[in-house]
Amino acid sequence: MADLVKTQQKQILCFDRIDEWAPVLSEILLPLAPADIQLRLKESAPEYIEDAKDLFLEHVSRESVIDAMLGWINGSRVAAFHGGINSLVTT
């Protein structure tokens, strides 16, 4: 799948490309947590992403995470598709 594609009128977020949208999501979620949360996550060396999520939610309310993520999604254009994004983009 392709990555975050910008056209004149749209921005399409490909969830398969976490390396492209994760930094934006981190900027939104990190202010909700204690200042040392990144150090705590690193030191805990979570085996699975779910373990990191559980540790994060020990220090941040689930409701604040949901509200922040809804704000992020609602402030964006979302396109849902099946298959490659190249079929959506025309030049």
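On a predicted model such as this, the values are computed, not experimentally measured, just so you know.

## Some points on the packing of helix H2 (residues 37-44) against helix H3 (residues 49-59)
- Running from amino to carboxyl end, H2 crosses H3 at an angle of 145°, the nearest separation of the two axes being 10 Å. Judged by the twist between their axes, the crossing of H2 over H3 is right-handed. Facing H2, whose interface residues are Ile-37, Arg-40, Leu-41 and Ser-44, H3 presents Ala-52, Leu-55, Phe-56 and His-59.
- Considered class by class, the residues forming the contact of H2 with H3 number five nonpolar, two polar and one charged.

## Re H3
- For H3, the complete set of buried residues consists of Ala-52, Leu-55 and Phe-56. Summarising the axial view, the buried residues of H3 lie within an arc of 100°, below the 170-degree limit, and thus occupy one face.
- Turning to H3, the residues buried within the fold contact helix H1 (18-29), H2 and helix H4 (62-74).

## Topic: the nonpolar core
- Membership of the largest hydrophobic core is limited to 10 residues, which are Trp-21, Leu-25, Leu-29, Ala-33, Ile-37, Phe-56, Val-60, Val-65, Ala-68 and Trp-72.
- In this structure Val-60 touches Leu-32, Ala-33 and Val-65, once residues within four positions along its chain are discounted.

## Quick notes on the pattern of salt bridges
- If you walk through the whole model with that rule in mind, you get two salt bridges.
- A salt bridge links Asp-36 to Arg-40, with the shortest nitrogen-to-oxygen separation between them at 3.0 Å.
- Here Asp-36 falls in the partly exposed class, since its relative accessible area comes to 31%.
- Residue Lys-53 is joined to Asp-54 by a salt bridge in which the shortest nitrogen-to-oxygen separation is 3.2 Å.

So, how was this worked out
Residues numbered from 1 in each chain as written. Predicted model: local features only at pLDDT ≥ 70, side-chain atom pairs only at ≥ 80, totals over all residues. Heavy atoms only, no water. Axes fitted to C-alpha atoms, helices over the stretch in contact; angles between N-to-C directions. Helix = DSSP H or I, 4+ residues; strand = E, 2+ residues; numbered from the N terminus. Left-handed = near helix turned anticlockwise from the far one by under 90°. Contact = heavy atoms within 4.5 Å. Nonpolar A, V, L, I, M, F, W, Y, C, P; charged D, E, K, R; others polar. Buried < 20%, exposed > 50% of the residue type's maximum accessible area, 1.4 Å probe, protein only. Arc of directions from axis to C-beta. Core = buried A, V, L, I, M, F, W, Y, C linked by side-chain atoms within 4.5 Å. Salt bridge = Lys/Arg side-chain N within 4 Å of Asp/Glu carboxyl O.

So far we have only geometry, and geometry alone does not tell us how the molecule works.
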